[in-house]
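As a plain string of letters, each chain reads:
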Amino acid sequence: MEAYYLVGVLAVLLAYASQRLHAMERTPRPARTRLDRCLRAASSWNVADSLLALLLVSFSGFRYLAGTDFELYSGMYRRLRTDDWAAAIVTAPQEPGFTLFRLTVKTLLGDNPLWLFLLTSVVAVVPMLMAFKHLVPRHLAVAVGTWYGLALYVTTFNGIRQAMATGVLMLAVVCWPRHRAVAVLLVAAAGSLHVSVFLVAAVLWLTYRWRPTMRRLVVVLGVGSVSLAVALPRLAPLLGMVNPRYLRYVETGTGAGLG
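This report concerns the structure included in the present document. On a predicted model such as this, the values are computed, not experimentally measured, just so you know. (Residues numbered from 1 in each chain as written. Predicted model: local features only at pLDDT ≥ 70, side-chain atom pairs only at ≥ 80, totals over all residues. Heavy atoms only, no water.)

Here helix H11 (residues 180-193) spans 20 Å end to end across 14 residues, near enough to the 20 Å set by a 1.5 Å rise per residue. Of all the positions in H11, only Ala-183, Leu-186, Val-187, Ala-190, Gly-191 and Leu-193 are classed as buried. Down the axis of H11, the sector holding all buried residues measures 150°, keeping them to one side. Residues Ala-181 and Leu-185 are exposed on H11 and point more than 90 degrees away from its buried face. Packed against the buried residues of H11 are helix H6 (96-109), helix H10 (160-175) and helix H12 (197-209). (Helix = DSSP H or I, 4+ residues; strand = E, 2+ residues; numbered from the N terminus. Expected span 1.5 Å × (residues − 1). Buried < 20%, exposed > 50% of the residue type's maximum accessible area, 1.4 Å probe, protein only. Arc of directions from axis to C-beta. Contact = heavy atoms within 4.5 Å.)

Taken as a whole and judged by the stated rule, the model has 9 aromatic pairs. With centroids separated by 5.6 Å and ring planes inclined at 80°, the aromatic side chains of Trp-147 and Tyr-153 adopt a geometry described as edge-to-face. Judged by relative accessible area, Trp-147 falls into the buried class, the value being 7%. Looking at Tyr-153, the relative accessible area reads 0%, which means it is buried. Ring centres 6.0 Å apart and planes at 75° place the aromatic pair Tyr-153 and Phe-157 in the edge-to-face group. In textbook terms, an aromatic cluster arises when at least three aromatic residues are bridged by ring pairs, as seen for Tyr-4, Phe-59, Phe-132, Trp-147, Tyr-148, Tyr-153 and Phe-157. Geometry around Phe-157 places Arg-63 over its ring, the cationic atom sitting 5.1 Å from the centre. In this structure, Lys-106 is placed above the aromatic ring of Tyr-77, and the distance from its NZ or CZ to the ring centre is 5.6 Å. (Phe/Tyr/Trp six-rings, centres within 6.5 Å; stacked < 30°, edge-to-face > 60°. Lys NZ or Arg CZ within 6 Å of the ring centre and 35° of its normal.)

On to the packing of H10 against H12. Direction vectors running N to C along H10 and H12 enclose 30°, while the axes themselves pass 11 Å from each other. By the angle between their axes, H10 is roughly parallel relative to H12. The chirality of how H10 crosses H12 is right-handed. Along its contact with H10, which presents Ala-165, Leu-169 and Val-173, the element H12 presents Val-197, Val-200, Ala-201 and Leu-204. Among the residues forming the contact of H10 with H12, the class breakdown is 7 nonpolar, no polar and no charged. (Axes fitted to C-alpha atoms, helices over the stretch in contact; angles between N-to-C directions. Parallel < 35°, antiparallel > 145°, perpendicular 65-115°, else oblique. Left-handed = near helix turned anticlockwise from the far one by under 90°. Nonpolar A, V, L, I, M, F, W, Y, C, P; charged D, E, K, R; others polar.)

The next point concerns the pattern of salt bridges. Following the criterion strictly, the structure yields 4 salt bridges and no others. Residue Asp-83 is joined to Arg-81 by a salt bridge in which the shortest nitrogen-to-oxygen separation is 2.5 Å. Judged by relative accessible area, Asp-83 falls into the exposed class, the value being 56%. Arg-81 gets classed as exposed once you look at its relative accessible area, which sits at 59%. We note a salt bridge from Asp-111 to Lys-106, for which the minimum N-O separation is 3.8 Å. Under the relative-accessibility criterion, Lys-106 is labelled buried at 8%. (Salt bridge = Lys/Arg side-chain N within 4 Å of Asp/Glu carboxyl O.)

Written out as structure tokens, the structure reads:
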């Protein structure tokens, strides 16, 4: 347990160092071309950011027997056959994007599950840090501290697909104001990792278009809760087509509470 606290403290300190380095940078001239903007974005990633990403990716990616998903995904990775990708994607219980990701990793890097956990950690952590850097560069320590302190970072241990999908979705949020086509593609990619992203993206879009007041929030939560309670049993067959485990959640409540 002490390791979790130590990594959390180091992560916040590195994020604070990053925002201090950002504050010391001179204000650049406006970018004239798309290439110029890309180069500016790449150059804004300082040494503290690199160390922060290395710390968080390594802590998650090099774990062994840590996290509820470790044995599940390591076993599936070892059993995964790469001689017929189409059959593997069709028969896999997970979303096709995640299966394609596993097939690619195993084909290129081999049978050791370490590669899977390391690269899933990269996909989950690096896009999140990139989004924080873009949205709140002068408050990066607060963002990283909140993300880590609320145990959202630990999702990379216990919800691999969800963590990957969240990272990609955050990039979509960053791209949405100026590059909406790219944002839509990123949402689709995130949904291929975990289907729940589509519901989250819909909620984000609604809040982007329609700023909630307290009265609207109460109405939406009330109507939404009643609608979900009525509609969920009828949607259960569709959930079962995505993943049989989702159908079991709805029918028995096993593994899923009211929240």
